[in-house]
Amino acid sequence: MAKEYLVVLFPRARRVKINGQFMGMTNRKLELEGGRYEVALGQPFNFTPETVEIDLRNTSSLTPMTVEFMEGSK
Amino acid sequence: MKRYVIAAAVVAVVLAVAFAGCSHYTVNERNPDFDAESGYRFDALDAGPDNSDSLFICLMFSGGGTRAAALSYGIMEALRDTVIRVDGRERRLLDEVDCISSVSGGSFTAAYYGLFRDRLFEDFREQFLERDIQGRLARRLFNPVNLFRLASPYFSRIDLAAELYDRDIFDGAGFDDLESGGRPFVILNATNLGADRRFEFTQEYFDAMGSRLDSYQVARAVAASSAFPFLLTPVSLENYPVADGYREPWWYKNALEPESWITQRYNAAKNLSVYLDKENSHVHLMDGGLSDNIGARAVLDAFDRGFIRTRINRGEIKRLVLIVVNARTGGGDTLSLSEKPPGLITVAAKTATVAMDNYSYDSVAGLREALYERVQAQKDEQACLDLLEKQCPGSVTPVPFAAEVDPYVIEINFEAAGQIPGEDSRYYLDLPTSFKLNEEQVEKLVSVGPKLLKASPRYRCLFKVLEAEAEGLPRPEECPVGAGIYP
């Protein structure tokens, strides 16, 4: 039903994990149901933070929620 | 003489007690170890050499007894006979089918194709469509041995039906056989009477029940899916503690927060939580039509948070085609012609069917709206890009989706038969719901399916777009993205 939009920013193309499930790539818009999720990236583990908790709501296709990961070790 | 009669009576009673005592429904097997990568789940199935995810097709087969099974069979014939070119290779549209969600009568066609593939076109008519299944069930019911078995509280009419389907139609096949065949993923839908909710025979549901689906008979799942209330009885399953290492599906975490109660995700989590609550030690299933007579809800769930959603977000699906085969009938409104209020039986029948028909309509409308929402998001994005290009060339552009999706929702129903030369929709709309139709009725149902599919404007658009793409031509103007849903 109603969808929300999320963009996970990272300097490289990397797989995005939502609640542990691989779900698309960084720097691409993802379409998900609203609610709370845990966002992380796929290997290698050279990013921070380890995970980001989000409450995905009140977005639109043109104004998605953005979550940013940086390169670097934990 | 009197002694013989007494002896015979004693033997009969002993036999009755013995048969009744031994008779028990088939119990689903407990699963000791959880494995998220195996079992009957979409991601564990082999796609096959002729199936590309870029063209992703799901079929939905409604309930409606042999009428529904025959109409869906006709659609399968049409898909078999339609050759397309995808990624430079010729293939049958049928080989591109990725999932089939079915209810009741439609479950016979879906399960048979899932198990036996093209054998469907060789013997399904003889094995099921043209058989008097009702008569066979009745004969089994009145067999003296079975009358004794039915005395057991753990064995009932549905178990006799499942035995018949298993022996005469599905050759004793289990879900491991469905799994080894790869795609399409066949979702057989039933209704959980205790929870008043839809139930599907997939490993995801069985994981929550701590059970293995691979060793369960397909015939029993089809029997549950088509267990028409009153005529048949529920199929029962054990709800075991979850297996070691069990993990809920990814979307389940945080989905049950009270403030989310109005969302579909919350509802899906509630659906699964029924089986995670081990106070519910048993699950009693009846006709899938009681909770969704179209089979659309399973596909909508896959689109919202399942195997379709993950593939859309990964940019793997370019064209999403949903074909709803709806064998709904509908006699004319005769009640409104009478001054006299309808009687008890009419009211009882209407109570069962009115809600079901309206829910089915809403399910298909929900599919259309969900897919069109994506089309609108894509249009918004393109409009924004065009505006930026015109007003602020070189400025930062919005982050794109992984891929544009071109969706189609193609509904096949008998009302459209009136627009086909030589066909009368009234004939089909007046057909009964039963497991016994005559040869002429079956023949007409099978042959009208392909005609209805080819007459659908949404299907014609799909075909034109696929042809143009194969020829390297531009997309036909009359079929822009979105025309596969609304004209």
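A quick note: this is a predicted structure, and the numbers were derived from the prediction, not measured. (Residues numbered from 1 in each chain as written. Chains lettered and ligands numbered in written order. Predicted model: local features only at pLDDT ≥ 70, side-chain atom pairs only at ≥ 80, totals over all residues. Heavy atoms only, no water.)

Colleague: Hey, could you run me through helix α16 (residues 439–455) of chain B in this one?
Modeller: Helical geometry note: an α-helix holds 3.6 residues per turn, so side chains three or four residues apart project in the same direction. Residues and elements named next belong to chain B. Under the 1.5 Å per step criterion, the end-to-end length of α16 is 25 Å for 17 residues, consistent within 8% with the ideal 24 Å. Structurally, α16 contributes buried residues whose contacts are with α2 (65–81), α4 (120–129), β11 (319–325), β12 (406–412), α15 (425–429) and α17 (457–471). With a side-chain oxygen positioned 3.1 Å from the backbone nitrogen of Glu-440, the residue opening α16 is Asn-438. (Helix = DSSP H or I, 4+ residues; strand = E, 2+ residues; numbered from the N terminus. Expected span 1.5 Å × (residues − 1). Contact = heavy atoms within 4.5 Å. Polar contact = N/O pair within 3.5 Å; in protein donor to acceptor, adjacent residues only side chain to side chain.)

Colleague: Explanation requested: the sheet that holds strand β7 (residues 52–56) of chain A in the structure shown.
Modeller: Adjacent strands of a sheet form backbone hydrogen bonds with each other and so pair up, either parallel or antiparallel. Residues and elements named next belong to chain A. Across the sheet, which stays open at both edges, the 4 strands sit in the order β3-β2-β5-β7 with antiparallel pairing between neighbours. A single partner strand is all that each edge strand has here, and the edge strands are β3 (21–25) and β7. Between one strand axis and the next, the sheet turns through 40 degrees on average, direction left out of account. Two elements, strand β5 (residues 35–41) and β7, share 5 bridges in a ladder whose sense is antiparallel. Among the inter-strand pairings, Arg-36 is bridged to a residue of β7, identified as Asp-55. (Pairing = 2+ DSSP bridges. Axes fitted to C-alpha atoms, helices over the stretch in contact; angles between N-to-C directions.)

Colleague: Could you clarify how one ought to interpret helix α7 (residues 157–168) of chain B in this entry?
Modeller: Residues and elements named next belong to chain B. Taking 1.5 Å of rise per residue, 12 residues should cover 16 Å, and α7 covers 16 Å from first to last C-alpha, within 8% of that figure. With 9 of 12 residues buried, α7 is to be regarded as a mostly interior element. Restricting attention to buried positions, one finds in α7 the residues Ile-158, Asp-159, Leu-160, Ala-161, Ala-162, Leu-164, Tyr-165, Asp-166 and Asp-168. Next to the buried residues of α7 lie α3 (105–116), α4, α5 (133–141), α6 (144–149), α10 (218–225) and β9 (235–238). (Buried < 20%, exposed > 50% of the residue type's maximum accessible area, 1.4 Å probe, protein only.)

Colleague: What's the story with the interface of chain B and chain A in this structure? I'm lost.
Modeller: Each partner contributes to the interface: chain B provides 27 residues, whereas chain A provides 25 residues. Across the interface of chain B and chain A, roughly 2,500 Å² is buried in total on both sides, 52% from carbon and sulfur atoms. Joining chain B to chain A, the criterion identifies 7 salt bridges. Where Glu-38 of chain A meets Lys-253 of chain B, a salt bridge forms, and the shortest distance between an N and an O atom there is 3.4 Å. At the boundary of chain B and chain A, one finds 17 residue pairs in polar contact (both at pLDDT 80 or more). In terms of residue count, the dominant contributor to the side of chain B that touches chain A is helix α14 (residues 344–391) of chain B (7 residues). (Buried area = accessible area lost by both parts, 1.4 Å probe. Salt bridge = Lys/Arg side-chain N within 4 Å of Asp/Glu carboxyl O.)

Colleague: Got a minute to help me understand the pairing of strand β1 (residues 3–9) of chain A in this structure?
Modeller: The side chains of a regular strand alternate between both faces of the sheet. All names here are of chain A. Of all 7 residues in β1, 6 are buried; the element is thus mostly enclosed. Two elements, β1 and strand β4 (residues 29–33), share 5 bridges in a ladder whose sense is antiparallel. By the bridge assignment, Tyr-5 is partnered in β4 with Glu-31.

Colleague: I keep staring at the confidence of the model for chain B and nothing clicks. Help me out?
Modeller: In low-pLDDT regions, the fine details of the predicted coordinates are not to be read closely. Across chain B, the average pLDDT comes to 92, with 96% of residues at or above 70. This complex was scored by the predictor with a pTM of 0.94 and an ipTM of 0.97. (pLDDT = per-residue confidence, 0-100.)

Colleague: What is the right way to look at the pairing of β12 of chain B in this model?
Modeller: Residues and elements named next belong to chain B. With 6 of 7 residues buried, β12 is to be regarded as a mostly interior element. Of the strand pairs in this sheet, β11 and β12 are connected by 7 bridges, and their pairing is parallel. Across the sheet, Leu-320 pairs through a bridge with Pro-407, a residue of β12.

Colleague: Whenever I open this one, the sheet that holds strand β8 (residues 65–68) of chain A confuses me. Can you help?
Modeller: Residue and element names in this part refer to chain A. With respect to topology, 3 strands assemble into an open sheet ordered β4-β1-β8, the strand pairing being mixed. Looking at the sheet topology across the chains shown, the edges are occupied by β4 and β8. On average, each strand axis in the sheet is inclined to that of its neighbour by 35 degrees, with strand direction left out of account.

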